[in-house]
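Notes for the structure review
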Amino acid sequence: MALEHRQTEPVYAVQYALRVLESVDTHRHGVTAEQLSREIGVPIDYLTHLLAMLRRERYLGFLPGGGYVIGESMVMLGAANRDQALAEKLKAVLVELRDEVGAAVYFSRYDDGEVHIIDFADGPDAPKVNEWVDFRSAAHASAVGKCLLSQLDHTGRQEHLSRHRPARLTSRTVIDNRVLLSKLERQPATVPTLDLQEYAVGTVCAAIPVTIGKTVACLALSMPYAQAHRLKPAVDTLHTRAAPVLLSFSI
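Residues numbered from 1 in each chain as written. Predicted model: local features only at pLDDT ≥ 70, side-chain atom pairs only at ≥ 80, totals over all residues. Heavy atoms only, no water.

What to know about the nonpolar core
If you look at the biggest cluster of nonpolar residues, it comprises 49 residues, and the most contacted ones within it are V20, L54, L219 and L231. Among the elements that take part in this core, helix α1 (residues 10-25) stands out by supplying 6 residues, more than any other. When near neighbours in sequence (up to four residues on either side) are disregarded, L219 contacts L94, L97, V105, Y106, F107, A206, A207, I208, V210, L238, A242 and V245. V115, F135, L149 and V216 belong to the second-largest nonpolar core, a separate cluster that totals 25 residues. (Core = buried A, V, L, I, M, F, W, Y, C linked by side-chain atoms within 4.5 Å. Buried < 20%, exposed > 50% of the residue type's maximum accessible area, 1.4 Å probe, protein only. Helix = DSSP H or I, 4+ residues; strand = E, 2+ residues; numbered from the N terminus. Contact = heavy atoms within 4.5 Å.)

As for the pairing of strand β3 (residues 104-111)
Among the 8 residues that make up β3, 6 are buried, leaving the element largely enclosed by the rest of the structure. As paired elements, β3 and strand β7 (residues 217-224) share 6 bridges and run antiparallel to each other. The residue of β7 that forms the bridge with R109 is A217. By the bridge criterion, 7 bridges tie β3 to strand β4 (residues 114-121) in an arrangement that is antiparallel. Looking across to β4, one finds that Y110 is bridged to V115. Taking the residues between adjacent antiparallel strands as the criterion, β3 and β4 are bridged by 2 residues, where D112 takes a positive phi near 50°. (Pairing = 2+ DSSP bridges.)

Quick word on helix α6 (residues 143-150)
For α6, the tally of buried residues reaches 8 of 8 residues, placing the bulk of the element in the interior. If you check which residues of α6 are buried, you get A143, V144, G145, K146, C147, L148, L149 and S150.

Considerations on the packing of aromatic side chains
One pass over the structure, following the stated rule, counts 5 aromatic pairs. Measuring from ring centre to ring centre gives 5.6 Å for Y16 and Y46, while their planes differ by 75°; the resulting arrangement is edge-to-face. Placement of the pair is Y16 in helix α1 and Y46 in helix α3 (residues 44-56), with a sequence separation of 30 residues. We classify Y46 as partly exposed; its relative accessible area is 32%. With a centroid separation of 6.5 Å and an interplanar angle of 55°, the aromatic rings of W132 and Y199 are classed as tilted. Of the two residues, W132 sits in the loop between β4 and α6 while Y199 sits in the loop between β5 (193-196) and β6 (203-209), which places them 67 residues apart along the sequence. Residue classification places Y199 among the buried positions, given a relative accessible area of 1%. Counting every residue linked through ring pairs, the aromatic cluster contains W132, F135 and Y199. (Phe/Tyr/Trp six-rings, centres within 6.5 Å; stacked < 30°, edge-to-face > 60°.)

Such coordinate-based values are descriptive only and should not be taken to indicate function.
Printed below as a string of structure tokens:
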């Protein structure tokens, strides 16, 4: 099943969002959208969408008399218990995404040479993948694993596959190292990485990179194979909503 994907720009949205937050922080008594547009050089039409996202995620507040100020999420992330605040913010975003796309949603990172599922949101109508094989050993088959490996350099991928030799998990699993490495090297950052019953029969998954700086991470979703027709619109939504996750880890 082919899954084309239009290019969106969550990373650029985050870069502009950070500029907005920096500018708002210099205006203790609030600042209008028009003034922000002039200060940071962002067209008002585009800025309006950014401001709506920042208000929805509570990075900005809005004064009754008009003007944007720093919101509670920014205050929490700047506090001493930042790690806890970040974990809570991530969980809230994943739950919102789960409800929006109607599928289980995951946030994962590649840390210390291993695939780690940092958090996920599932539910009765959005079942998570049955982890019948440890995800750390199945990066070659899972959408999460392939998305993370695609962000490494060639040496990093080879090193990982030398420690976790690809095993056949289903009839669709690719286990040839040369084929795997070729596919990973050709994987465009703007196209979701797919798992079409390669990890588990009856489940399809997709993952997109959400990386800023040196952090290798991704957002992913999974759904039963019977709902595979929903995969593309769900991934479109996941891609456009990646900015809040990126933003949380950029502040």
